[in-house]
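Here are the chains, one letter per residue:
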Amino acid sequence: MNDDGWADAIGAPLDRTDGPQKATGAARYAAEFAPDKLCHGVMVLSTIPRGRIVSLDTSRAQHAPGVLFILTHRNAPVLPHHGLAAVKPPAGRVLSLFQDDVVHYDRQPIAVVVADTFEQATAAAALVRVTYAAQPAVIDFNAAKPHAHKPKEAGRKPPDVAWGDPAAGERAAEVRIDITCTTPMQNHNPLEPHATVAHWEGDRLTLYDATQYVSGVRETVAKTLGIDADRVRVVSPFVGGGFGSKGSVWSHVVLAAICAQKVDRPVKIVVDRQQMFGPVGGRPQTSQRIALGATRDGALTHVRHDVLSHTSEFEDFVEPSALITQMLYAYPHGSTTHRLVKLNTGTPTFQRAPGEATGSFALEVALDELAYALKMDPLALRLKNHAEKTADDGKPFTSKHLRECYAQAAERFGWSRRPAAPRSIERGSMLVGWGMATASYPANRMGASARAVLQPDGTILVQSGSQDIGTGTYTVMTQVAAETLGVPVSHVHFELGDTTLPQAPVSGGSMTAASVGPAVQAVCQKLRGQLVDRAVADASSPLHGVPRERAAIDGGWLVALDESHRRESLSALAGRAGTPIEATAEAKPADDAKKLAAHSFGAVFAEVHVDRDLGEIRVPRVVATYDVGRRLNAKTALSQLQGGIVWGISMALLEHTIIDPHVGRIVNANLAEYHVPVNADIQAIDVTFVDNPDLRFNPLGIRGIGEIGITGVAGALANAVYHATGRRIRDLPITLDKLIA
Ligand code: MOS
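As the structure is a prediction and not an experimental result, all values here were calculated from the model.

A. Looking closely at the packing of helix α15 (residues 634-653) against helix α16 (residues 713-725). Look at α15 against α16: their axes get within 8 Å of each other, and the N-to-C directions meet at 50°. With respect to their mutual orientation, α15 and α16 come out oblique. The hand of the α15/α16 crossing is right-handed. When α15 is examined against α16, the residues I645, G648, I649, M651 and A652 are found in contact with a partner set consisting of V713, A714 and L717. Among the residues forming the contact of α15 with α16, the class breakdown is seven nonpolar, one polar and no charged.

B. Representation of the environment of V87. Take V87: it is sitting in the loop between β3 (67-71) and β4 (102-103). Put simply, V87 and G216 are 129 residues apart on the chain and 8.6 Å apart in space, counted from C-alpha to C-alpha. In this structure, V87 is in contact with G92, E219, T220 and K223, ignoring residues within four places of it in sequence.

C. Representation of the packing of aromatic side chains. This structure, assessed with the given rule, holds 16 aromatic pairs. With centroids separated by 6.3 Å and ring planes inclined at 85°, the aromatic side chains of Y329 and Y331 adopt a geometry described as edge-to-face. Their ring planes at 75° and their centres at 4.8 Å tell us that Y372 and Y722 sit as a pair that is edge-to-face. In this pair, Y372 is assigned in helix α9 (residues 356-374) and Y722 in helix α16, connecting sequence segments 350 residues apart. Judged by its relative accessible area of 17%, Y722 is buried. Ring pairing ties together the aromatic residues F413, W415, W434 and F605, which thus form one cluster. Taking NZ or CZ as reference, R621 lies 3.9 Å from the ring centre of F413, over its face. Between the NZ or CZ atom of R728 and the centre of the ring of Y722, over which it lies, the distance is 4.2 Å.

D. Structural detail: the sheet that holds strand β1 (residues 39-45). Here we have seven strands laid out as an open sheet, ordered β3-β5-β1-β12-β9-β10-β11, and mixed in their pairing. The open sheet has two free edges, formed respectively by β3 and β11 (232-235), since each of these has just one partner strand. Adjacent strand axes in the sheet meet at a mean angle of 20°, parallel and antiparallel pairs treated alike. In the sheet, β1 pairs with strand β5 (residues 109-115) via six bridges, with the strands oriented antiparallel. Bridging across to β5, V44 finds its partner in A111. Lying on the sheet, helix α3 (residues 118-125) is in contact with β1, β3 and β5; it crosses β1 at an angle near 25°.

E. Broad picture of the pattern of salt bridges. On inspection of all chains with the given rule, the structure shows 40 salt bridges. In this structure, D101 engages R52 in a salt bridge whose closest nitrogen and oxygen atoms are separated by 3.2 Å. Of the two residues, D101 sits in the loop between β3 and β4 while R52 sits in strand β2 (residues 51-57), which places them 49 residues apart along the sequence. Take D101: its relative accessible area is 22%, and that puts it in the partly exposed class.

F. Expanded view of helix α7 (residues 251-263). The end-to-end C-alpha distance of α7 is 18 Å, a good match for the 18 Å that 13 residues give at a rise of 1.5 Å each. When you tally the buried positions in α7, you get 11 out of 13 residues, the bulk of the element. Listed in full, the buried residues belonging to α7 are S251, H252, V253, V254, L255, A256, A257, I258, C259, A260 and V263. Just beyond α7, the residue with positive phi is D264, at close to 55°.

G. Expanded view of the nonpolar core. Counting residues in hydrophobic clusters, the biggest one holds 88 residues, and the most contacted among them are L292, Y331, L370, F605, V608, Y626 and I645. Examining the composition of this core, we find that 10 residues originate from one element, α9, more than from any other. Setting aside residues up to four positions removed in sequence, I645 forms contacts with V622, A624, Y626, I685, V687, G709 and V713. Membership of the second largest hydrophobic core comes to 50 residues, among which are A9, V480, L496 and A504.

H. Here's a closer look at the environment of S429. Structurally, S429 can be placed in the loop between β16 (425-427) and β17 (430-442). The partly exposed category is assigned to S429, whose relative accessible area is 35%. Sequence separation between S429 and A519 is 90 residues; the distance between their C-alpha atoms is 56 Å. Dropping the residues within four chain positions of it, S429 is found in contact with V610, D611 and R612.

Conventions adopted
- Residues numbered from 1 in each chain as written.
- Predicted model: local features only at pLDDT ≥ 70, side-chain atom pairs only at ≥ 80, totals over all residues.
- Heavy atoms only, no water.
- Axes fitted to C-alpha atoms, helices over the stretch in contact; angles between N-to-C directions.
- Helix = DSSP H or I, 4+ residues; strand = E, 2+ residues; numbered from the N terminus.
- Parallel < 35°, antiparallel > 145°, perpendicular 65-115°, else oblique.
- Left-handed = near helix turned anticlockwise from the far one by under 90°.
- Contact = heavy atoms within 4.5 Å.
- Nonpolar A, V, L, I, M, F, W, Y, C, P; charged D, E, K, R; others polar.
- Phe/Tyr/Trp six-rings, centres within 6.5 Å; stacked < 30°, edge-to-face > 60°.
- Buried < 20%, exposed > 50% of the residue type's maximum accessible area, 1.4 Å probe, protein only.
- Lys NZ or Arg CZ within 6 Å of the ring centre and 35° of its normal.
- Pairing = 2+ DSSP bridges.
- Salt bridge = Lys/Arg side-chain N within 4 Å of Asp/Glu carboxyl O.
- Expected span 1.5 Å × (residues − 1).
- Core = buried A, V, L, I, M, F, W, Y, C linked by side-chain atoms within 4.5 Å.

The following block contains the structure:
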């Protein structure tokens, strides 16, 4: 398809429609909105993990140049419900809004200094003097484990789930493994940190915000401040990466709105890179015990997966690591539990494939260990236990082509040539290992709405209050609209990221394409019908009198299917109409959608080279094949999966948020010491797909692709490291010190 294609726009590797805007700097991100008289807020964060603020001396800061106002717990407005938003996650979280003097974690916002310039606010913020009455903090996850508590739910399921007769499953096992895997705290680091510009005009508030959920921000900020949601508008046309961190409203958003009201000027707060580590979430650490049993032929008899993850002192957030265990393999008996360990940290949050990223690591390592115990090939073990339905509640899948993924990726990788024994391939000073794992992530979908308008110039404006967090929403929705309408993609203009547009769900849980896509399809079908109806009824149209079902839109033209000379452009019709012709539509999952389980799947194979003496690990290649339903855009789909695998490598080998156990401070709160991969760390990544539209999931046959790419990767790498070295590392990240210890 070229850029003017339409008939087969869906699936084509169309370049990002917003690419030129991003490349030229024309795309405006939240921090780049500059309403008249804009001033700058800089947050002051606590320097102890637990206690009370005894004194907060702002006198020097107050008199520093340019300072307009300093917000603290002493002058903050008293908010309804003490600022505890009456909105559920993901949007609504328990925030630090200066309603009292209590400090629950290090780097908790405790003041905002507002000044004419960012530099003035930064300088003055350094002059704020705080003294605390410190209290003993709980920082050590292992020490706090005995006090773990049971959360209300885990990923919208009960914290404890069991099926079959777990005790009988254990008795039936002939081979057993029982291991504990751990994953560390990690922090999101999108290129664009969080940022909010708050602008009051009378009693109306506009927020330019870096968010995955414009309508969630509107509702949460309105409820937190105690004002009507229709007085709040949220604008977010471009987001420089979200990954879950921007799925919630964090404290700075509300603080910016409060400060802007106090100074009666627009206020901008940018969360700086260090502040990304603490007050805006991050992935919690986990400790996961997994027990598996099988008969000698490799048939699983049971699974047990007990997950401990950390949360803050003041809000429960669950990393639902065992959800993937409940559906990935065919074990007749099993049980899973989730427990939370309270620490004096900021509340953790959703991070790319929350649950599945960490859970698949533990589960896939366990499968690998069982394969060695059974003397069975790891891929053969997974095929032997292939699930035709979910283990815990017996739901059939909307569509599942995992076997094809295993076969295709194994073939491309050359898995059949793998020697079974660990430490059996050497290349110079390198030990070579091959490992594999299964990838999976649920397919989520919620109701979404869209509007389509035929413009006077014959182009089509399509709108939905969704978000493009870098995933390609603008591009893929343009493709869906163009193909559905029968117009070239260059005739479609898609708008999103504004609460004045028809409502759409959070861009989280990989659900944007699968939720908004059907709404765009529905509204474009509706508009197409309206346009054809008008043409055949319009005495001035060459199509006048053509039977309705013999008229269509093709290549941007209204055409009579049986008489090729009877045609007119959409712009001609638009010109005669005088006013825009528009349609709105909503699309949502069928009422009985919950009877089926909808998931994407994949197979990941990895090769590692481990330096025999130094323990240094290189990843020369990862080969993966995915079943994600139909793809909307071959290029953006590839980018999503490649990016997910890069993050999987990062999770396996590099990322680790380190807290000083004595002072409760994250000590590597920067991109020099919080390691993420650079280009030299990433070598060949071979991603392919088995294209099978999932039409039982939605009418486009698509499932989300934003998160599955990170799943399975850390497991495949850990398994490859074992195959290379004979050393089983169950604690992420797998660093050289663990290998040479
Ligand atoms: Mo995703 S972690 O649900 O944005």
